[in-house]
Structures are given as structure tokens and as C-alpha cells.
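A closer look at the structure
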Amino acid sequence: MSDGTYLQYFPNAYSDVLNHGSVTLLAGINNQYKDYKFPDDYFPGSNSASGTVSGEIVYVGFGISATELGYDDYKNIDVKGKILLMETGLPYNGNDSTLLKWEKYSYHRYKFQRAKELGAVGLLYISKIANPNTSYLEGFVYAHTSESVAEELFDGTGRKYSETNAAIKKNIQPNSFAINKKVQISASTKHFPDSRSCNVVGIIEGADSILKSEAIILGAHLDAVGSPGCLFPGALDNASGSVNILAAAKALAASGVKPARTILFIFFGGEECGLYGSTKSVESPLWTKEKVICMINLDMVGNGTGFRISNGKSFPDLLSPFADANEKYLHRDLSSSEARVNFGRPRTDAAVFDKAGYRTLSLGTTGNVKPVYYHHPLDNTDALTPEIMEDSAKLLYLGILELANNPNIGIY
Ligand SMILES: [Zn+2]
């Protein structure tokens, strides 16, 4: 960096979750009372306000007011002082130009803002995954609950949760209603609005006087979801990708074979909070974009028996060094796919580079042999298969070296 370090900083507001809080059903049709259990039934919100809220529960579908699309989950529904039970994502699931019109409503931050401005005091957000890609709003307390909790809250309403959710998506018609039960949510957090984080960058300078001006970017996010209530180690997502790159970098540096082109290693920060690090690195590029051969991203590459290189079929010149190395030395199953336009919000660091016009490949693994605990406390080292990680590092080393040295590989 210009300051002589290997750290590229960007703003990164975040919250500490001090304990796992509580979610309690207060009274319902038969005055039932129930403490939900962490981590089986709920996770605390990574950016929840601190405090306790209680109120009547209102199911508000996807929590979207897209009046120009003829869709409003809040139409004729009073949510003032209420606690919402809400879906993540969108009722529209196609990947086409219609999705573009829905995209802005898919952000958690939009949904939180809308709920707050209508006077809701809290939220049970359905799908139990820890997720710091949300916003901290003063006084707005929330938790992530499992679908089985949602199903249980629907008991006695004459409706089934799963059927209601499916019908909204099928018809793209809201179906909001008051559940006639009361819930209390407690959270204990501390918010840091002015914090920052950074990308950690490494470089192996090219040895060829001409080709050294061209670069290959190898990236993986270094952050995980943190410790909302307990530590979520993030072994597969994404210590695995980071370690594979470190191992490949070590092999490249130690091999004595000098790459002709330059290789940049970027360990992204702030991915889980909203792709902050990769966004920073396309907005303040470390290498002239026109001189970047490609960006190769690794996310969750540590569980399985085979490789998958997404987008490879669209860029055969980029794919073949990896396919050849696999065929010659590693003999793993290797599949690939065409690049496709994503009309929704970007969900990976690779998607940020795609959107900015770079050619990208994403290395993943196939044939999971361990259960995948996505954004879960059990995403620990038991969830990994070290053999595929070793081979991933070898595949990267061999493929990158060929990409860096082959003069016939051009810039897109
Ligand atoms: Zn990830």
C-alpha cells in the first residue's frame, strides 16, 4: 500500500454480541409460556440493539413494500409496537430482468429500515443462520429463528407456516396477519459505528520484464461471522479458502520458479458484513484493471472429494491450466460451469469482481463427505477434509504458475 503496509483499510461498522440473549413466548391462545433454546431454536441478531422488547407477533411475509411492483406485505396491517415474524429473501425467485426490479428489496438492511419506520419494535427473522450483513437500528431488537419455531408460532392460527410461505412465493401475493401471540426478545450487544477493517494483501512480483505488468488476483475472505452468543469458528467458511491460498502462496514463493506475471493475494475483510473488502478492492484497485488476467476466488473449499471451477466453461484459457494439472497429478473429479449473469444482489467476493467487469473463476469443492454447518457454531475443524485442502493448494499452485507463465494467455 502507499503507506508501506500490506493492509487496505475500509469502514466496517459492527456489533459485539455479549451473550446469547433470549427469545420467550409470553402468552398465546392457551397462555402457553416457553423459553426458546439457543442455539437449537434461535441465534441472537449480530447487529441487534441491546435491550428487551415484547409485543404481539405479526407475520409480515417478506417485509417488502414494493408498491410499483404491486406487492406490499404491510398493506392494511398495523405493526406499530409489534414484533414481526419475517422471511429473508424475496417472493420472486427467477434469475432474469424482473429480478433486477426486486433486487433492492432483497437486502436485510432495507427490510429492517422498513420495519422500523412502520413502528415495529422487534423482529424474529426466519432461517436460523448467524449473519452480520444487517444493520444496527437504535431500539430495534431482533433474533434469527428456525423454521420449526415459525411453524410452532403458527399453531392455533388455522394456517400452516410452510404452506403460507409457499403460497406467497407461488402467487407473489402477500399474506400478512396478526398471530395473536406475544413474544419477548432480549439482546445484549455493543455497537461500534466508526470501526474499520482491512484486506490483507500479499504480492509475488512477476519476473518477466514485460509480463510482470499483468497480474492474477487470488482472493478469499478472511473474516467469518464472529461470535453471536458463542464462537462460530468459520472453519469451512472461510478459513479453508484462506488456508488453501496461503499454502499455494508458500509453495510459489518457495519453489524457486519465478512466475513471469505478477500474482496478488488478497485476503478480504468484511465479507460477511456485506462484501466490504472486495468492494473496496474494486473501488480502489491495487492493480490496473485492464492488466488483470483474472480474479480467482476461494470460498468454502475444504469439504469433499472433487473440485468445481465456476465460470470455467466460459473462459477455457483460464480453466485449462487447472484441468490439465488435475488430470496429470491430482486425478480428482473436476466439474465446471458457464458464467451466467446474476440479476440479484451479489453474494460473494467473486460476484463483486464480476460486476466490476473482471473475469473470475471460483474454486469450490464437490462431493461433501462431512455435514455442512453454514454460519453455525459447528463449522469447526471437524467439518473439514484436510486431503481436499492439500490438493486444492496443489491445484492452485500448478494452475496459477501456468497462468502466470504462459505468454498465450491474454487479457480479456
Ligand atoms: Zn464465505
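These numbers come from a predicted model, not from an experiment.

1. Looking at the coordination of the zinc ion
Each pair of donors in an ideal octahedron of six around a metal sits at 90 or 180 degrees, and each pair in an ideal tetrahedron of four sits at 109.5 degrees. In the first shell of the zinc ion, the protein supplies His221 (NE2), Asp237 (OD), Asp299 (OD) and Asp299 (OD), at 1.9 to 2.7 Å from the metal. Coordination at the zinc ion is irregular, judged from the four donor atoms that bind it and the angles of 51 to 144 degrees they form at the metal. You can call Asp237 buried: its relative accessible area is 5%.

2. Comments concerning the sheet that holds strand β16 (residues 262–268)
The mixed open sheet is built from eight strands, whose spatial order is β1-β14-β16-β15-β17-β20-β18-β19. Every other strand in the sheet has two partners, leaving β1 (7–11) and β19 (334–336) as the edge strands with one partner each. Averaged over all adjacent pairs, the angle separating strand axes in this sheet is 20 degrees, with direction ignored. Sheet topology note: the strand β15 (residues 215–221)/β16 ladder contains seven bridges and is parallel. From the neighbouring strand, His221 faces β16, where its bridge partner is Phe268. Of the strands in this sheet, β14 (196–204), β15, β16 and β17 (292–298) touch helix α5 (residues 235–254), which is tilted by about 145 degrees from β15. Packed on one face of the sheet, helix α7 (residues 276–283) meets β1, β14 and β16 and runs near 110 degrees to β1.

3. Overview of the packing of aromatic side chains
Enumeration according to the criterion identifies 17 aromatic pairs in this entry. An angle of 80 degrees between the planes, with centres 5.1 Å apart, marks the rings of Tyr105 and Tyr110 as edge-to-face. No difference in accessibility class separates Tyr105 from Tyr110, as the two residues are buried. Residues Phe112 and Tyr142 carry aromatic rings whose centres are separated by 4.7 Å and whose planes lie at 70 degrees to one another, so their mutual orientation is edge-to-face. In this pair, Phe112 is assigned in helix α2 (residues 108–117) and Tyr142 in strand β11 (residues 141–145), connecting sequence segments 30 residues apart. By the burial criterion, Phe112 is buried, and Tyr142 matches it. Each member of the aromatic cluster is reached from another via a ring pair, and the members are Phe38, Tyr42, Phe43 and Phe232. Over the aromatic face of Phe177 sits the side chain of Arg159, whose NZ or CZ is 3.8 Å from the ring centroid. The side chain of Lys289 reaches across the aromatic face of Tyr358, ending 5.8 Å from its centre.

4. Let's talk about the pairing of β15
Taking burial as the measure, the seven residues of β15 include seven buried ones, the bulk of the element. Residues of β15 alternate between two faces, with Ala215, Ile217, Gly219 and His221 on one and Ile216, Leu218 and Ala220 on the opposite face, all of them buried. Following the backbone out of β15, through α5 and into the adjacent parallel β16, one traces a crossover that is right-handed. Looking at chain direction, β15 and β17 are connected through six bridges and run parallel. Of the residues in β17, the one forming a bridge with Ala220 is Leu298.

The rules behind these values
- Residues numbered from 1 in each chain as written.
- Predicted model: local features only at pLDDT ≥ 70, side-chain atom pairs only at ≥ 80, totals over all residues.
- Heavy atoms only, no water.
- Donors = N, O, S within 2.8 Å, 3.2 Å for Na, K, Ca; no water.
- Tetrahedral: all angles 85-135°; square planar, octahedral: opposite > 155°, others 65-115°.
- Buried < 20%, exposed > 50% of the residue type's maximum accessible area, 1.4 Å probe, protein only.
- Pairing = 2+ DSSP bridges.
- Helix = DSSP H or I, 4+ residues; strand = E, 2+ residues; numbered from the N terminus.
- Axes fitted to C-alpha atoms, helices over the stretch in contact; angles between N-to-C directions.
- Contact = heavy atoms within 4.5 Å.
- Phe/Tyr/Trp six-rings, centres within 6.5 Å; stacked < 30°, edge-to-face > 60°.
- Lys NZ or Arg CZ within 6 Å of the ring centre and 35° of its normal.
- Right-handed = clockwise from strand over helix to strand, strands pointing away.

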